[in-house]
Amino acid sequence: RWEKCRPLSRGSPAWLYLAGQRGLPDSVLMAAHAADAVREGPRGSAWFAHRDDSGCLTGIEMRGPDFRKFSAGGGKTLFRLPGGPGPLPRVAACESAIDAMSLAAIEQCRPDTLYAATAGGMGPATIAALQQILLDIASDPAAVLIAATDADTAGRRHAARLEDLAVEAGASSHTLLPPAGLNDWNDALRAVTPRT
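Residues numbered from 1 in each chain as written. Predicted model: local features only at pLDDT ≥ 70, side-chain atom pairs only at ≥ 80, totals over all residues. Heavy atoms only, no water.

Trainee: Got a minute to help me understand the overall build of the chain in this structure?
Mentor: When you go through the chain residue by residue, the secondary structure sums to 6 helices and 9 strands. Its C-alpha atoms give the chain a radius of gyration of 16 Å, within 12% of the compact-globule value 16 Å for 196 residues. In terms of overall dimensions, the chain has a C-alpha envelope of 45 × 35 × 30 Å along the principal axes. Here the chain holds 196 residues, and 49% of them are scored as buried. Here the contacts in the chain between residues at least 6 apart in sequence split such that 63% fall between residues at least 24 apart. Carbon together with sulfur atoms contributes 55% to the accessible area of the chain, which is approximately 8900 Å² in total. Computed over 20 positive and 21 negative side-chain charges, the inter-centroid distance for the chain is 7 Å. (Helix = DSSP H or I, 4+ residues; strand = E, 2+ residues; numbered from the N terminus. Rg over C-alpha atoms; globule rule 2.2 N^0.38 Å. Buried < 20%, exposed > 50% of the residue type's maximum accessible area, 1.4 Å probe, protein only. Contact = heavy atoms within 4.5 Å. Areas by Shrake-Rupley, 256 points an atom, 1.4 Å probe, with all protein chains shown as cover. Lys, Arg positive; Asp, Glu negative; His and termini not counted. Charge placed at Lys NZ, Arg CZ, Asp CG, Glu CD.)

Trainee: I tried to follow the sheet that holds strand β8 (residues 144–147) on my own but got confused; where do I start?
Mentor: Sheet strands pair via backbone hydrogen bonds, and the direction of the pair is either parallel or antiparallel. One open sheet holds the 5 strands; their spatial order is β5-β7-β6-β8-β9, and the pairing between them is mixed. With partners counted over all chains shown, the strands left at the sheet margins are β5 (79–82) and β9 (172–175), one partner each. The average angle at which neighbouring strand axes cross in this sheet is 20°, direction not considered. As paired strands, strand β6 (residues 90–94) and β8 are joined by 4 bridges and run parallel to one another. Within β8, the residue paired with R90 across the bridge is V144. Helix α3 (residues 97–106) contacts β5, β6 and β7 (113–117) of the sheet and is inclined by roughly 155° relative to β7. (Pairing = 2+ DSSP bridges. Axes fitted to C-alpha atoms, helices over the stretch in contact; angles between N-to-C directions.)

Trainee: Honestly, the side chain of E61 in this entry has me stumped. Any pointers?
Mentor: With respect to the helices and strands, E61 occurs in strand β3 (residues 57–64). Buried E61, no salt bridge; nearest opposite-charge side chain is R63, N-O distance 4.2 Å. Of note is the side chain of E61, whose polar atom sits 3.3 Å from the backbone nitrogen of A97. Ignoring sequence-local partners within four residues, the contact set of E61 consists of A46, W47, F48, H50, K69, F70, S96, A97 and A119. (Salt bridge = Lys/Arg side-chain N within 4 Å of Asp/Glu carboxyl O. Polar contact = N/O pair within 3.5 Å; in protein donor to acceptor, adjacent residues only side chain to side chain.)

Below you can see the structure in the form of structure tokens.
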């Protein structure tokens, strides 16, 4: 299904949804295109790749103007958007792919950061993917896991689980929540992005 979908392209229905309704800037959408992290789904939806450590597609997080779901038969691992081409000792783990891209926009795609998303839950494959990333970066003095979750009860539980994974791996971590009064990172992005 992924291979049959067109890559994200400027002016396409998915691009217009992500830029218009979600406020994502062209720079982040181009980075997502370059990483083949987002493709065009039906009816103006955007499809976000979940990949394992070897880069193989395991599942698709699907979001559109009026729906969201995860691909039937697919497995949740991690959505991954690298902030730069070099080492990525800083991992910002969000709940949704749109939140990860929103945080990337707010931070202007920090070149030391992997922007990741769990698609809400953390099953065994997602935990294994995070553990592998933490194992890979733990020896770097700059290594840190940022639990960039929603500012609600479920988000705080999610952040606590992420921080537990970092402790188990011997890596630094801290929680980063959206500003007061905002629920998630897309809300935060749209609060600072002028509407056109």
